[in-house]
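Summary of the model geometry
Below, each chain spelled out in residue letters.
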Amino acid sequence: QVQLVESGGGLVQPGGSLNLSCAASGGIFRINAMGWYRQAPGKQRELVATITSGGSTNYADSVKGRFTISRDNAKNKLYLQMNSLEPEDTAVYYCNVEMLELAVVRWVAREYWGQGTQVTVSS
């Protein structure tokens, strides 16, 4: 029922910036936590940043000081502002949302993933 739509990926030069966004829609749900993950070719998917419903954030050491995760609860949107991008940041970035979704007459815990958006940092 719920769909995650990502946008904002693209090709940038080292030192450039990108702003990723993820919007959740469909169904009836209450978001608990949201996060960004990335997967580079030949590597395992890794956590980039997360943000809880209370606004608490957590970042991977590799992106601290460069990336900022934020959310708009009213719009059910998640953002990732990426600055000072490096070639090592090249990967497919995935939006992840943990939520309570209304199924029939009860709330159930579910997790959804976006389709992924390509971020390429190269000169």
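Below you will find a few notes about this structure. Computed from a predicted structure; not experimentally measured.

Counted under the stated rule, the structure contains six salt bridges. Ionic pairing is found between Arg66 and Asp89, a salt bridge with its closest N-O pair at 2.7 Å. Of this pair, Arg66 sits in the loop between β6 (57–59) and β7 (67–72) while Asp89 sits in the loop between β8 (77–82) and β9 (91–103), placing them 23 residues apart in sequence. A salt bridge links Glu101 to Arg110, with the shortest nitrogen-to-oxygen separation between them at 3.0 Å. The class for Glu101 is buried, based on a relative accessible area of 1%. Members of the salt-bridge network, linked through shared partners, are Arg38, Glu46, Arg66, Glu86 and Asp89.

Here we come to the pairing of β9. In this structure, strand β4 (residues 29–39) lies alongside β9, joined through ten bridges in antiparallel fashion. Bridging from a neighbouring strand, Gly35 pairs with Asn96 of β9. When β9 meets strand β11 (residues 117–121), the two strands line up antiparallel, connected through three bridges. Each bridged residue has a counterpart across the sheet, and for Ala91 the counterpart in β11 is Val119. Judged from the eight bridges that link them, β9 and strand β10 (residues 106–113) form a sheet pairing that is antiparallel. Across the sheet, residue Asn96 finds its bridge partner in β10, namely Trp113.

Phi is positive for Asn76, close to 55°, though the residue is something other than glycine. Within the secondary structure, Asn76 is located in the loop between β7 and β8. Its relative accessible area of 25% is what places Asn76 among the partly exposed residues. One non-glycine residue, Val104, lies in the positive phi region at around 60°. For Val104, the position within the fold is in the loop between β9 and β10. The exposed category is assigned to Val104, whose relative accessible area is 78%.

Below, the discussion takes up the side chain of Arg71. Structurally, Arg71 can be placed in strand β7. Buried charge Arg71 goes without a salt bridge, the closest partner of opposite sign being Asp72 at 8.2 Å. Polar side-chain contacts of Arg71 include one of 2.9 Å to the backbone oxygen of Thr52. Among the polar contacts made by the side chain of Arg71, one reaches the side chain of Asn73 at a distance of 2.7 Å. Those residues in contact with Arg71 that lie beyond four places of it in its chain are Ile31, Asn32, Ala33, Met34, Ile51, Thr52, Ser53, Lys77, Leu78 and Tyr79.

Analysis parameters
- Residues numbered from 1 in each chain as written.
- Predicted model: local features only at pLDDT ≥ 70, side-chain atom pairs only at ≥ 80, totals over all residues.
- Heavy atoms only, no water.
- Salt bridge = Lys/Arg side-chain N within 4 Å of Asp/Glu carboxyl O.
- Helix = DSSP H or I, 4+ residues; strand = E, 2+ residues; numbered from the N terminus.
- Buried < 20%, exposed > 50% of the residue type's maximum accessible area, 1.4 Å probe, protein only.
- Pairing = 2+ DSSP bridges.
- Lys, Arg positive; Asp, Glu negative; His and termini not counted.
- Polar contact = N/O pair within 3.5 Å; in protein donor to acceptor, adjacent residues only side chain to side chain.
- Contact = heavy atoms within 4.5 Å.

Structural measurements only, silent on function.
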